[in-house]
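Fold and geometry: a report
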Amino acid sequence: MIYWQIFVAFFIPGVVGYGGGPASIPLVENEVVGRFGWMSVNEFSEMLAVANALPGPIATKMAGFIGYEQAGILGAFIGVFATVAPSLILMIALLSLLNKFKGSPRVKAMTSFIRPVIAILLGVMAYQFFETSYGSAGMVQTVILIAVSYVLLERVKVHPAFVIAGSLLYGALFLGG
C-alpha cells in the first residue's frame with residue numbers, strides 16, 4: 001500500500017504541476033504534508049532547502065528523498081518514476097501535436113493564465129514557511145534571516161546553496177534546531 005501512496009503522491013503533482021519543479025512544489029507539499037502526513041511543514045521546508053542546494057531537478061530530488069524515507073530504495077525508485085512518468089507519457093504521446101500548435105495564440109494565452117496561478121501557489125507556500133519560521137524562531141530571528149539572505153543573494157550574489165547552508169547552520173547553532 002505504501003508504494004501505491006508514494007506513486008500517487010508524486011504522480012498527481014507531475015500531472016497537474018504545469019511548468020516543472022517550482023510549480024509542483026506546493027502540490028507535493030499538499031500530498032506529503034496534508035494528505036499522507038509523512039512530514040510536518042517544517043520538515044518539508046528543511047528538506048526543500050537541502051534539495052534546492054543540490055544539483056538537478058527539484059521534483060525528482062524530493063521524490064527520491066521522501067520515497068526512500070518512507071519505503072527504502074524501492075520507494076525512492078517509485079517516487080522518482082512517478083515524478084517523471086507524466087512527462088514521459090506526454091512527450092511520447094503528444095510530441096507531434098506540440099510541434100504543430102506551439103505558436104498558436106490560444107496556447108500562448110492559456111500559458112499566460114497559468115503563470116499567475118503558479119505564482120500564487122508559490123506565494124502561499126512561502127507564507128506558510130514564514131509562518132512556521134515565525135512561530136518556532138520568533139520575529140527577530142526570522143527578520144534577521146530574511147534580511148541577511150536577501151543581502152547575500154541579491155546584493156553580494158552569493159550562491160543560494162551557501163545561503164541555505166548558512167541559514168541551516170545559524171538555526172542549528174542559535175535556535176536549537
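We now turn to the structure provided with this report. These numbers were taken from a predicted model, which means no experiment stands behind them.

About the criteria used
- Residues numbered from 1 in each chain as written.
- Predicted model: local features only at pLDDT ≥ 70, side-chain atom pairs only at ≥ 80, totals over all residues.
- Heavy atoms only, no water.
- Helix = DSSP H or I, 4+ residues; strand = E, 2+ residues; numbered from the N terminus.
- Buried < 20%, exposed > 50% of the residue type's maximum accessible area, 1.4 Å probe, protein only.
- Contact = heavy atoms within 4.5 Å.
- Areas by Shrake-Rupley, 256 points an atom, 1.4 Å probe, with all protein chains shown as cover.
- Lys, Arg positive; Asp, Glu negative; His and termini not counted.
- Charge placed at Lys NZ, Arg CZ, Asp CG, Glu CD.
- Patch = residues over 30% accessible without salt bridge, like charges linked within 9 Å, V, L, I, M, F, W, Y side chains within 5 Å.
- Salt bridge = Lys/Arg side-chain N within 4 Å of Asp/Glu carboxyl O.

Looking only at helices and strands, the protein chain has seven helices and zero strands in total. Each helix and strand of the protein chain, ordered N terminal to C terminal, gives the series α-α-α-α-α-α-α. Going through the 177 residues of the protein chain one by one, you find that 30% of them count as buried. Considering only intrachain contacts with a sequence separation of at least 6, the fraction spanning at least 24 residues in the protein chain is 55%. For the protein chain, the accessible surface area stands at approximately 11100 Å², while carbon and sulfur atoms represent 71% of it. The positive charge centre, built from 9 side chains, and the negative charge centre, built from 7, are 24 Å apart in the protein chain.

Bringing a nonpolar patch on the surface into the picture now. There is a patch of nonpolar side chains on the surface, built from Leu90, Leu94, Leu97, Phe101, Val107 and Met110 and spanning about 510 Å² of accessible area. Elements that contribute at least two residues to the nonpolar patch include exactly helix 4 (58–101) and helix 5 (105–137). No other element matches helix 4, which puts four residues into the nonpolar patch. Mapped onto the secondary structure, Leu90 falls in helix 4.

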